[in-house]
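What follows is each chain in one-letter form.
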Amino acid sequence: MDENFKKKLIVRELKIDDYSDIAELELLCFPNMTGWSRDQIESQLKIFPEGQLCIEYDGKVVASSSSLIIDFEIYGEKHSWDEITANGYITNHYSEGDTLYGIEIMVHPKYRGMRLAGRLYDARKELARELNLKRIIIGGRIPGYQEYSNELTPREYVDKVITKGLYDPVLTAQTSNGFTLKRILRKYLDRDRQSVGYATLLEWSNLDYQEEENHYDYSSSRPVRLCCVQYQMRKIDNFEEFSTQCEYFVDVAASYKSDFILFPEIITTQLLSFMKYDHPGAQARELAKYTEQYLNIFQKLAIQYNINIIGGSHFVEEDDTLYNVAFLFRRDGSIEKQYKIHITPNERHWWGVQGGENIEVFDTDRGKISIQICYDIEFPELSRIAVDKGAQIIFVPFCTDERHGYLRVRYCSQARSIENQIYVAIAGNVGNLPNVENMDIQYAQSAIFTPSDFAFSRDGIGAEANPNIETVVIHDVDLELLKRHRQSGTTLNWRDRRKDLYEVKYKKNKKNQI
């Protein structure tokens, strides 16, 4: 049999193992542009794998396409490629959106003429139908324009291509596949010299689209209710007293229909008030023996009260090393954890705590969140990385002994909220444990911070507790408002970062992985 008959075209989801083929394809298709990095492809596959497609022929990837889902009304018709793709990482992917946005299609020059682009467009259309999306939008390059830029305006060039007076390898293919021209975009992708920075905005409408009753439009909100516990440290006689006190606050938060409740850092040190110990280091390791009971009680409370719990933090011993760990207890019973990365001098001196290695972002039923324990919020790189991974809310359980320490946490939390255009919730301990080393006094004023702009609360403070009393603070944050603010705020801190001058790089580490 002829070998050519054994070769098959396979349209499938992209895999990270295809990266070398993708990098080669990028060089052939766009020789004068920066190609996909491995980190970008990994991020795309992690966030929206079904939107990353390729065509395999004879065991080799010869064409590919990338996409994400957005709420198109938030971005509107004037946007750039970097903005709509979160710089290629698609961390702005919104599964509840109504639009599939195509961000790139590549076809190996050797295999053009085999209708590979058409197959990828058809696969995108089928995906839009399966996901009941209203439309597909693409920002299309016009690579043939460079040759005519001295004699034709972008509009004149596009008109000639649409009326078949000129041929453009991208625009001609797109209009042939059922896409309608909506607008010409300026400064869409400045590094695209062939298109002189211009692009066409095209749309394909899904005629099978069915409006859902719970679909959010541009004017809607997506509220998330947060509850921060300002927890009073007091002497107790056993673990049951501790669990009763925690359940009281969970009950309060749930009765107000909160989506999240945040407890303070090292809340379980209250248990030390009934424990005997020789020195603080032994004391902390003795406390770690309560890990299973701590996990069980908070997991049970999360399920019973139907609420997501950030259970403050707790000392955990692993391989003879002591860590300060915050746990997320989802209301479905699943548990995640975030190790404290930056350890204070006091934690090292009194307890021998060591720092963790990884920055986590957690998917929840009410958005993506990050947890940064106390001192960690004072290092802006962590928040940059977390928000780059899609975090919309950062929870900060903290424990500070006096006002200066508290203000460091507060001011840095507000700064992280403004510079990343996110919400930050903080919760701390009050009261005292006179017989517990390094926990004798506490100072806190728990709060929920917002970006500082007209659409948000005055002074960028959604809500705050009175200082140094046991209480809770409850406030609704709006994730839809957050998205709109990133597009139309008075300042656009997240978008306007000078990535041509600086960037934050994350060194991945397998240590401390669950």
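What counts as what
Residue numbers restart at each chain and count upward from 1, following the sequence in its written direction. Per-residue local features are limited, in this predicted model, to residues with pLDDT of at least 70; the limit for side-chain atom pairs, both in listing and counting, is 80 or more; totals at the level of whole chains, interfaces and linings are taken over all residues. Values shown for side chains rest on all heavy atoms present in the structure; no hydrogens or waters enter the calculation. Lining residues are those with an atom within 4 Å of a point, where the points come from a 1 Å grid over the protein atoms alone and group into cavities, where a 1.4 Å probe fits but cannot get out, or pockets, open sets with protein on both sides within 12 Å along at least five of seven lines. Grid points are joined across faces, edges and corners, and a volume is the space filled by probe spheres set on the points. Counting from the N terminus, the helices are the DSSP runs of H or I reaching at least four residues and the strands are the DSSP runs of E reaching at least two. Note on residue categories: nonpolar means Ala, Val, Leu, Ile, Met, Phe, Trp, Tyr, Cys or Pro, charged means Asp, Glu, Lys or Arg, and polar means any other residue, Gly included. Burial status follows relative accessibility: with a 1.4 Å probe on protein chains alone, a residue under 20% of its type maximum counts as buried, one over 50% as exposed, and anything between as partly exposed. Between any two strands, pairing holds if DSSP finds at least two bridges. A helix's residues, less one, multiplied by 1.5 Å, set its expected span. Pairing of aromatic rings covers Phe, Tyr and the six-membered ring of Trp, with a centre-to-centre limit of 6.5 Å; geometry is then stacked below 30 degrees between planes, edge-to-face above 60, and tilted otherwise. Contacts are residue-level and defined by heavy atoms, with any inter-residue pair within 4.5 Å sufficient. Here an angle of 0 to 180 degrees is reported between the N-to-C directions of two axes, which are lines fitted to C-alpha atoms, with helices fitted over the stretch in contact. Angle categories are assigned with fixed cut-offs, so that under 35 degrees is roughly parallel, over 145 is roughly antiparallel, 65 to 115 is roughly perpendicular, and the rest are oblique. A clockwise turn of the near helix away from the far one marks a right-handed crossing, whereas an anticlockwise turn of less than a right angle marks a left-handed crossing.

*Asks:* How would you sum up the layout of surface pockets? Please name residues and give values.
*Replies:* There is about 400 Å³ of room inside the second largest pocket. Lining the second largest pocket are 22 residues, with Thr-344, Asn-346, Cys-399, Thr-400 and Asp-401 positioned closest to its centre. Among the secondary structure elements, those contributing two or more residues to the lining of the second largest pocket are helix H11 (345-351) and helix H13 (403-420). Per-element accounting of the lining of the second largest pocket gives the leading share, 4 residues, to H11. Its residues assigned to classes, the lining of the second largest pocket comprises 9 nonpolar, 6 polar and 7 charged.

*Asks:* Any chance you could break down the pairing of strand E3 (residues 60-70) for me, citing the residues and the numbers?
*Replies:* Across the 11 residues that make up E3, a large majority, 10, are buried. Pairing geometry for strand E2 (residues 53-57) and E3, over 5 bridges, is antiparallel. Of the residues in E3, the one forming a bridge with Tyr-57 is Lys-60. Between E2 and E3, which pair antiparallel and follow one another directly, the connecting turn spans 2 residues, one of which, Asp-58, has a positive phi of 55°. Alignment of E3 against strand E4 (residues 99-107), held across 8 bridges, turns out to be antiparallel. The partner of Ser-66 across the bridge, within E4, is Glu-104.

*Asks:* Could you give an account of empty space enclosed by the protein, naming the residues involved and the relevant values?
*Replies:* Under the counting rule described, the total for this entry stands at 2 cavities of 30 Å³ or more. Within this model, the largest cavity holds a volume of roughly 50 Å³. In terms of lining residues, the largest cavity is bounded by Leu-14, Ile-22, Trp-36, Ile-41, Gln-44, Ser-64, Ser-65, Ser-66, Glu-104, Ile-105 and Met-106. The set of elements that each furnish at least two residues to the lining of the largest cavity consists of helix H2 (38-47), E3 and E4.

*Asks:* Could you give an account of helix H5 (residues 116-130), with specific residues and numbers?
*Replies:* Over its 15 residues, H5 extends 21 Å from the first C-alpha to the last, a length consistent with the 21 Å expected when each residue adds 1.5 Å. Looking only at H5, the buried set comprises Leu-116, Ala-117, Gly-118, Leu-120, Tyr-121, Ala-123, Arg-124, Lys-125, Leu-127 and Ala-128.

*Asks:* Go over the packing of aromatic side chains, please, and point to the residues and values.
*Replies:* Scanning the model with the defined rule gives 25 aromatic pairs in all. Arranged with centres 5.8 Å apart and planes meeting at 40°, the rings of Trp-36 and Trp-81 form a pair that is tilted. On the criterion of sequence distance, the pair formed by Trp-36 in the loop between helix H1 (19-29) and H2 and Trp-81 in helix H4 (residues 81-85) is long-range, its members being 45 residues apart. For the pair Trp-36 and Trp-81, one class covers both residues: buried. Taken together, a centroid distance of 5.4 Å and an interplanar angle of 55° make the contact between Tyr-121 and Phe-179 tilted. Of this pair, Tyr-121 sits in helix H5 while Phe-179 sits in the loop between helix H7 (171-176) and strand E6 (180-185), placing them 58 residues apart in sequence. Comparing Tyr-121 with Phe-179, the two get one shared label, buried. Pairwise contacts between aromatic rings join Tyr-231, Tyr-248, Phe-249, Phe-263, Tyr-294, Phe-298, Phe-327 and Phe-329 into one cluster.

*Asks:* Got a sec to walk through the environment of Ser-64? Specific residues and values, please.
*Replies:* Within the element layout of this structure, Ser-64 appears in strand E3. Ser-64 gets classed as buried once you look at its relative accessible area, which sits at 5%. Between the C-alpha atoms of Ser-64 and Ile-142, which are 78 residues apart in sequence, the distance is 18 Å. In this structure Ser-64 touches Ile-22, Leu-25, Leu-53, Cys-54, Glu-104, Ile-105, Met-106 and Leu-120, once residues within four positions along its chain are discounted.

*Asks:* Describe the environment of Val-250, with residues and values.
*Replies:* As for its position among the elements, Val-250 is in helix H8 (residues 239-255). Taking the C-alpha atoms as reference points, Val-250 and Ile-309, separated by 59 residues in sequence, lie 8.2 Å from one another. Excluding its chain neighbours within four sequence positions, the residues that come into contact with Val-250 are Ile-261, Phe-263, Leu-301, Tyr-305, Ile-307 and Ile-309.

*Asks:* Now, about the packing of helix H12 (residues 380-388) against H13: what can you tell me, with residues and values included?
*Replies:* As a packed pair, H12 and H13 sit with axes 10 Å apart at the nearest point and diverge in direction by 40°. Here H12 is positioned oblique relative to H13, judged by the angle of their axes. Classified by chirality, the crossing of H13 by H12 is right-handed. Here Pro-380, Ser-383, Arg-384 and Val-387 of H12 come into contact with H13, specifically with Arg-416, Glu-419 and Asn-420. Residue composition of the contact of H12 with H13, grouped by class: 2 nonpolar, 2 polar and 3 charged.

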